[in-house]
Amino acid sequence: MTDSKTAVTKDASTATSKKKTASSGMKPKKKSALEGASGFKPYQPKRGEEYMSPEMGKHFTHILRMWKQELMEEVDRTVNHMQEEAANFPDPTDRATQESEFTMELRTRDRERKMIKKIDESIALIEEKEYGYCESCGVEIGIRRLEARPTANLCIDCKTFDEIREKQIG
C-alpha cells in the first residue's frame, strides 16, 4: 500500500516540476551528441570559410589536447591505484585475480600510450598545416569525421576500402 502511495506522490511531484518548467518558459538545455560525450561544441564553419582554417586548427588542437590530458590523468590514476591496491594475498585465487586486473589495466594504458603518440602526431600535422587531409588520396577528411576521430588520417572511402582489404587478407 505504501508503494502505490509513493508512486502517486512521485508522479505528482514530477508533473508539478514539469508544469513549473513549462510555465516559467525555461527549456531544459539540450546537448549535442558530441558536446555531451567529449565536452566540446561541434565546429560550425562560417559561410565561405576555407577548410582547415586557423580557427578550425585551434578547434582540433583544443580537442586533441583535452583528450591527451584525459589520457594522462588516467595514467596517473592507474599508477596510484596499482600502488595502493597492491597486496600480497595468501590465497592464490585472490592473487591471480589481482594480477589479471593489473594486466588488463596495463594493456589498456599501453593502448592509451599509443593513442597519445597519435595525438601528438596529429597536433604536429595541425602545426604543419597538413591536418585533415587523407594520407592516401589527399581529399579532405571532413570536420565531423575528425571530431568523431580526431586522429583519423584517412577519408571515409579510403578507410572503408582499407578495412575491406584487411578482411580479405586476414
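The structure displayed is predicted, hence computed values, not measured ones.

Criteria and cut-off values
- Here the residue numbers are simple positions, counted from 1 along each chain's written sequence.
- Selection of residues for local features in this predicted model requires a pLDDT of at least 70, selection of side-chain atom pairs for listing and counting requires 80 or more, and totals for whole chains, interfaces and linings are taken over all residues.
- Only heavy atoms go into the side-chain values, all of them from the structure, while hydrogens and water stay out.
- Strands here are runs of E lasting at least two residues and helices are runs of H or I lasting at least four, both read from the DSSP assignment and numbered beginning at the N terminus.
- Any two residues whose heavy atoms approach within 4.5 Å at even a single point are treated as in contact.
- With residues, only the protein chains shown are counted as cover, and all accessible areas are computed by Shrake-Rupley using a 1.4 Å probe.
- In a helix, the anticipated span is given by 1.5 Å times the number of residues less one.
- Buried means the residue's accessible area, taken with a 1.4 Å probe over protein chains only, is under 20% of the maximum for its type, while exposed means over 50%, and partly exposed covers the values in between.
- Residues grouped as a nonpolar core are buried Ala, Val, Leu, Ile, Met, Phe, Trp, Tyr and Cys residues, joined through side-chain atoms within 4.5 Å.
- Each reported salt bridge corresponds to a side-chain nitrogen of Lys or Arg within 4 Å of a carboxyl oxygen of Asp or Glu.

*Asks:* Mind showing me how you'd approach the overall build of the protein chain here?
*Replies:* Along the protein chain, the regular secondary structure elements total six helices and zero strands. Listed by position from the N terminus, the elements making up the protein chain come as α-α-α-α-α-α. Contacts in the protein chain between residues far apart in sequence, at least 24 positions, make up 53% of those at least 6 positions apart. Accessible area for the protein chain stands at about 12,900 Å²; split by element, carbon and sulfur atoms hold 53% of it.

*Asks:* Looking at this model, I keep getting lost on helix H3 (residues 54–85). Mind explaining?
*Replies:* An α-helix turns once every 3.6 residues. As a result, residues three or four positions apart point the same way. An ideal rise of 1.5 Å per residue puts 46 Å on 32 residues; H3 measures up with 46 Å between its terminal C-alpha atoms. Buried within H3 are the following residues: Met56, Gly57, His59, Phe60, Thr61, Ile63, Leu64, Leu71, Thr78 and Met82. On its buried face, H3 is in contact with helix H4 (92–127) and helix H5 (143–148).

*Asks:* Just checking my understanding: could you explain the environment of glutamate 127 for this structure?
*Replies:* As for its placement among the helices and strands, glutamate 127 is situated in helix H4. A sequence separation of 66 residues divides glutamate 127 from threonine 61, and the C-alpha atoms of the two residues are 9.1 Å apart.

*Asks:* Would you mind showing me how to read the nonpolar core here?
*Replies:* Nonpolar side chains tend toward joint burial in soluble globular proteins. Counting residues in each nonpolar core, the largest one holds 23 residues, and the members touching the most others are Met52, Phe60, Tyr131 and Leu146. In contact with tyrosine 131, not counting residues within four places along its chain, are Met52, Phe60, Leu64, Ser122, Leu125, Ile126, Leu146 and Pro150.

*Asks:* Can you help me understand the pattern of salt bridges in this one?
*Replies:* It is possible for side chains bearing opposite charge to pair when their charged atoms get close. In this structure the tally under the stated criterion is eight salt bridges. In this structure, glutamate 112 and arginine 109 form a salt bridge, with 2.6 Å as the shortest nitrogen-oxygen distance. You can see glutamate 112 and its partner arginine 109 sitting in helix H4, three residues apart, about one turn around the helix. Judged by its relative accessible area of 15%, glutamate 112 falls in the buried class. Of the residues examined, arginine 109 reaches a relative accessible area of 15% and is grouped as buried. Residue arginine 165 is joined to aspartate 162 by a salt bridge in which the shortest nitrogen-to-oxygen separation is 3.6 Å.

*Asks:* Just to check I follow, could you spell out H4 for this structure?
*Replies:* Between its first and last C-alpha atoms H4 spans 52 Å; for 36 residues at 1.5 Å apiece the expected length is 52 Å, and the two agree. Buried within H4 are the following residues: Gln98, Phe102, Glu105, Arg109, Glu112, Met115, Ile116, Ile119, Ser122, Ile123 and Ile126. Here the buried face of H4 lies against H3. Where H4 terminates, the next one or two residues include lysine 129, which has phi positive at roughly 60°.

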